[in-house]
Protein chains: 2
Amino acid sequence: MIRVVIAEDQGMVLGALASLLGLEPDIEVVGRAPDGPAALDLVASLRPDVLLSDIEMPGMTGIEVAARLGEARSATRVLIVTTFGRAGYLRRAIDAGVRGYLLKDSPAERLADAIRQVAAGGRLIDPDLAATAAFAPPDPLTDRERAVLRLAQDGRSNKEIGRALDLSPGTVRNYLSEAAAKLGASNRIEASRIARDNGWL
Amino acid sequence: MIRVVIAEDQGMVLGALASLLGLEPDIEVVGRAPDGPAALDLVASLRPDVLLSDIEMPGMTGIEVAARLGEARSATRVLIVTTFGRAGYLRRAIDAGVRGYLLKDSPAERLADAIRQVAAGGRLIDPDLAATAAFAPPDPLTDRERAVLRLAQDGRSNKEIGRALDLSPGTVRNYLSEAAAKLGASNRIEASRIARDNGWL
DNA sequence: CCCGGCAGGTGACATCTGTCACCCCTGCGC
DNA sequence: GCGCAGGGGTGACAGATGTCACCTGCCGGG
């Protein structure tokens, strides 16, 4: 019997996934978490074979949860199931020690097999995303550029961004200009959009 | 027996919802559609009691589907299940003749009851969202302002927006300035964000 | 026919942005 | 000690943006 904990912040999807897995004779859903910290606690106390986790959750992302489990030498393997087919997310997930990465776009039938594969010690990445990611350019941004873009994307001015990051407005402008050049964007809005779409923010 | 068609573009969620409803003795999932047009076709051919539909789908949104069904005097009642708790979406959904509106955030247990209620001719709106929406300000934007904001949000310049909408760049600036003033924003980026978050775009 | 309202436009002005060349530190390898 | 890379900063300039007052043409109602 494969023991699984599910972490997913959308209650309806959480329940639906649980019922989907409930149909499988060799899989047992032993716990459900609505956010990152709860997932971490449940894995610590229940020690399931697999944690099936979303990425975007309150408190902590699924990727952070995976990283924490890795640090704690947990035996639980993490399988990410997410909406976002962004190459940058996949990259970070793999670096965090995740064992599988599926998209919610793919057919539901794939899920149980993915869990079996991961539980058996295998690895698994959504094939479409793997192909995309293999040819995607790597993240060209520096930490500063990322920070500045994050603030720029919700309308802060150079002056405000400078205050927030303790930089002069002129320097903020330089970073944004650099970032736009790297991303082939013609202004901060386009630059943030490109970075966001690639999962670099 | 309540006959239901599900429209949802994320395969995994579609399958999971179907299995969730499969547990209910009085509900039968008779069809599944991965996009708007397919949903419309399925409803036309299967004439289910209820269409359970997402909003954001390829081809046509769930709200548009509901509007088309209304025009066609279809007896099928539409229940929206969506991620987005945006007051503007709810408003438009109701105007389109939708009979229920649930959030994916709410617990899975609510779904089956919602379907029964809608199938029986009742109406149902997620209580939290209903409360929020009741106090939310109405959409203050004109069609022009909306169009301009939509283009501004992905980084087009005044000149480009003008070309796209066949307006002079100066007029575009005026619309954006107007919109920002109405929304209490200090620039086009913030204005687009506010409008988007409220479901006004 | 006249008037008011409304969509669209113009011009002027202050700011903000984007681009670029160049400066100042600090740390580090030699 | 020298050189130099890298983070941060400055100044100047062109062009984009935000704000506002005011103009035009068109339409629908008195």
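Sequence order sets the numbering: in each chain, residues are counted from 1 along the sequence as written. Labels follow written order: the first chain is A, the first ligand is 1, and so on. It should be noted that, the model being predicted, local features are given only for residues of pLDDT at least 70 and side-chain atom pairs only at 80 or more, the latter also being counted only at that level, while totals for whole chains, interfaces and linings use all residues. Only heavy atoms go into the side-chain values, all of them from the structure, while hydrogens and water stay out.

**Q** How do you make sense of the side chain of T76(A) when you look at a structure like this?
**A** All names here are of chain A. You can see T76 is positioned in the loop between helix 3 (62–71) and strand 4 (77–82). Throughout this description, buried means an accessible area under 20% of the type-specific maximum (1.4 Å probe, protein chains only), exposed means over 50%, and partly exposed covers the range between. Using a relative accessible area of 8% as the deciding quantity, one classes T76 as buried. Only 2.7 Å separates the side chain of T76 from the backbone oxygen of P48, close enough to count as a polar contact. Helix and strand assignments follow DSSP, with helices taken as H or I runs no shorter than four residues and strands as E runs no shorter than two, numbered in order from the N terminus. What qualifies as a polar contact is a pair of N or O atoms within 3.5 Å, subject to a donor-acceptor requirement within protein and to the restriction that residues adjacent in sequence count only when both atoms come from side chains.

**Q** Which parts of the structure should I look at to understand the packing of helix 7 (residues 143–152) of chain B against helix 8 (residues 158–165) of chain B?
**A** Think of two packed helices as two axes; the pair is described by the angle between the axes and how far apart they sit. Residue and element names in this part refer to chain B. Convention adopted: a line fitted to C-alpha atoms gives each axis, helices being fitted over their contacting stretch, and angles between N-to-C directions are expressed from 0 to 180 degrees. Closest axis-to-axis distance for the helix 7/helix 8 pair is 10 Å, and the angle between their directions is 125 degrees. Overall, the two elements helix 7 and helix 8 adopt an arrangement that is oblique. Pair helix 7 / helix 8 crosses with right-handed handedness. Of helix 8, the residues touching helix 7 (which contributes R144, A147, V148, L151 and A152) are I161, A164 and L165. Here roughly perpendicular refers to angles of 65 to 115 degrees, roughly parallel to angles under 35, roughly antiparallel to angles over 145, and oblique to all remaining angles. The hand of a helix crossing depends on one turn: near helix anticlockwise from the far one by less than a right angle means left-handed, and clockwise means right-handed. Contacts are assigned to residue pairs that have any heavy atoms within 4.5 Å of one another.

**Q** For this particular structure, what's the right way to read the interface of chain A and chain B?
**A** It is common to give the size of an interface as the accessible area that goes away when the parts come together. Across the contact, 31 residues belong to chain A and 31 residues belong to chain B. When two parts are brought into contact, each loses some accessible area as probed by a 1.4 Å sphere; the total of that loss over both is the buried area. Interface area, chain A with chain B, both sides summed: about 2400 Å², of which 62% is carbon and sulfur. For the chain A face of the interface with chain B, the top three residues by lost area are Q10(A), M12(A) and I189(A), together amounting to 29%. Salt bridge, as used here: a side-chain nitrogen of Lys or Arg that lies within 4 Å of a carboxyl oxygen of Asp or Glu. On the surface where chain A and chain B come into contact, there are zero salt bridges. Where chain A meets chain B, there are 15 residue pairs in polar contact (both at pLDDT 80 or more). Those elements giving two or more residues to the side of chain A that touches chain B turn out to be helix 1 (11–22), strand 5 (100–103) and helix 10 (188–197) of chain A. Considered class by class, the residues forming the side of chain A that touches chain B number 14 nonpolar, nine polar and eight charged. Residue type decides the class: Asp, Glu, Lys and Arg count as charged, Ala, Val, Leu, Ile, Met, Phe, Trp, Tyr, Cys and Pro as nonpolar, and the leftover types, Gly among them, as polar.

**Q** Explanation requested: the protein's contact with DNA strand D in the structure shown.
**A** Residues are counted as near a molecule or strand when any one of their heavy atoms sits within 4 Å of it. Inspection of the region around DNA strand D gives 16 residues, with T171(A), N174(A), Y175(A), R173(B) and R188(B) positioned closest. Sugar and phosphate atoms constitute 61% of the interface atoms of DNA strand D, taking the interface as everything within 4 Å of the protein. Contact between DNA strand D and Y175(A): a phosphate oxygen at 2.5 Å from a side-chain N or O atom of the residue. Here a base nitrogen of DNA strand D sits 3.0 Å away from a polar atom, N or O, in the side chain of N174(B). Where the surface near DNA strand D is concerned, the elements lending two or more residues are helix 9 (169–183) of chain A together with helix 8 and helix 9 (169–183) of chain B. The biggest single contributor to the surface near DNA strand D is helix 9 of chain A, with five residues. Each residue belonging to the surface near DNA strand D can be placed in one class, and the counts come to two nonpolar, nine polar and five charged.

Nothing here speaks to function; it is all geometry.
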